[in-house]
Amino acid sequence: LSFGALASLWALYGLPGLIGMTSAFTELCQSLFTRCLEYYELIKIISLWLGAALLASGLIYSSVKSAFHIIKSYSAVSRLPVRGRKGSVVIIDGPSKTAFTHGIFRPRIYLTRGLLRGLDRDELKAVFLHELHHKREKDPLKFVILSFFRDLFFYAPALRDIVANLKIKMEHASDAAATKKEGERLALASALVKVAKGNCAAFAPASITGNSQVSTRVQRLIDG
């Protein structure tokens, strides 16, 4: 088929015609290639500037949001009815059952009197050990950093899922650190259920209710 087509073209245009057609086709390809290179450079420059603008907007957005969240949480904690803030454990005068760890560089454990009255000794010990792990690992600071990068790359939905899973794993790690035996696991599970009924510490960066579903954590504790 190729030989037949070449023979037909030879018969119609002859050798000079074929050479001219080949030359014209080559020039056309070169022209298209040159234009593609020009467009490629233009597209590359535009993409770089758009990427820089997107990254800058994400940096501004995440910085403002993180600063607002930190100021809001510290302001909320400063208004809590407490009698002293110098120790590592702070008791809050209030009927709610709440426990959380707050503080970026010097985290403290906050417990309400409602929690102290509403939980038995084993449950209270499990809650305290859970929060103590948050304090030792500086989880409030890690939560802020993770949230910062999540907001920095707000255009990447997969990163939100990654950050959410990391936060859940940090809660699970605190649960595991507080419960070495079966009885301790059941005590913490019982405390989680009691706290979840009336918890309202939305400002707490790292609280006993955490960021994962309570039912999932309770099921993990029961299953060991």
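Residues numbered from 1 in each chain as written. Predicted model: local features only at pLDDT ≥ 70, side-chain atom pairs only at ≥ 80, totals over all residues. Heavy atoms only, no water.

1. What to know about the overall build of the protein
Looking only at helices and strands, the protein features seven helices and four strands. When its helices and strands are written in sequence order, the protein yields α-β-β-β-α-α-α-α-α-β-α. A total of 224 residues make up the protein; the buried ones form 33% of that total. Taking as baseline every contact in the protein between residues at least 6 positions apart, the subset at least 24 positions apart corresponds to 58%. A total accessible area of about 14000 Å² is found for the protein, and carbon and sulfur atoms account for 66% of it. (Helix = DSSP H or I, 4+ residues; strand = E, 2+ residues; numbered from the N terminus. Buried < 20%, exposed > 50% of the residue type's maximum accessible area, 1.4 Å probe, protein only. Contact = heavy atoms within 4.5 Å. Areas by Shrake-Rupley, 256 points an atom, 1.4 Å probe, with all protein chains shown as cover.)

2. Considering helix H4 (residues 139-152)
With 14 residues, H4 extends 20 Å from end C-alpha to end C-alpha; this agrees with the ideal 20 Å at 1.5 Å per step. Residues of H4 that are buried include every one of Asp139, Pro140, Phe143, Val144, Leu146, Ser147, Arg150, Asp151 and Leu152, and no others. (Expected span 1.5 Å × (residues − 1).)

3. Concerning unusual backbone geometry
For lysine 138, which is not glycine, the phi dihedral falls at a positive 55°. Here lysine 138 shows up in the loop between helix H3 (121-136) and H4. The exposure class of lysine 138 is partly exposed, given its relative accessible area of 37%.

4. So, the environment of leucine 221
With respect to the helices and strands, the residue leucine 221 is situated in helix H7 (residues 214-223). For the pair leucine 221 and leucine 188, spaced 33 residues apart in the sequence, the C-alpha separation amounts to 7.7 Å.

5. Section: the packing of aromatic side chains
Per the stated rule, a full pass over the model turns up five aromatic pairs. Between tyrosine 61 and phenylalanine 154, the ring centres sit 5.9 Å apart and the planes meet at 70°, which makes this aromatic pair edge-to-face. Of this pair, tyrosine 61 sits in helix H1 (residues 2-78) while phenylalanine 154 sits in the loop between H4 and helix H5 (157-178), and the two are 93 residues apart along the sequence. Look at phenylalanine 154 and you get partly exposed, because its relative accessible area is 34%. For the pair phenylalanine 100 and tyrosine 110, a centre-to-centre distance of 5.0 Å together with 5° between the ring planes defines the contact as stacked. One end of the pair, phenylalanine 100, is in strand E2 (residues 99-102); the other, tyrosine 110, is in strand E3 (residues 108-112), and 10 residues separate them in sequence. (Phe/Tyr/Trp six-rings, centres within 6.5 Å; stacked < 30°, edge-to-face > 60°.)

6. Details of the pairing of E2
With burial as the criterion, each face of E2 is covered, one bearing Ala99 and Thr101 and the other bearing Phe100 and His102. Pairing between E2 and E3: four bridges, direction antiparallel. What sits directly across from histidine 102, in E3, is arginine 108. Taken together, E2 and the strand that follows it, E3, pair antiparallel across an intervening segment of five residues, in which glycine 103 is found at a positive phi of about 125°. (Pairing = 2+ DSSP bridges.)

7. Quick look at the pattern of salt bridges
Per the counting criterion, the structure on display carries eight salt bridges. Ionic pairing is found between aspartate 139 and lysine 142, a salt bridge with its closest N-O pair at 4.0 Å. On the criterion of helical spacing, the pair formed by aspartate 139 and lysine 142 is a turn pair, its members being three residues apart in helix H4. Judged by relative accessible area, aspartate 139 falls into the buried class, the value being 2%. Counted as one network, the salt bridges with shared partners bring together Lys65, Arg150 and Asp151. (Salt bridge = Lys/Arg side-chain N within 4 Å of Asp/Glu carboxyl O.)

8. A closer look at the confidence of the model for the protein
Chain-level pLDDT for the protein is 83 on average; 88% of the residues reach the 70-or-more range. Looking over the protein, one finds the lowest element-wise mean pLDDT in strand E4 (residues 206-207), namely 52, and the highest in H3, namely 94. (pLDDT = per-residue confidence, 0-100.)

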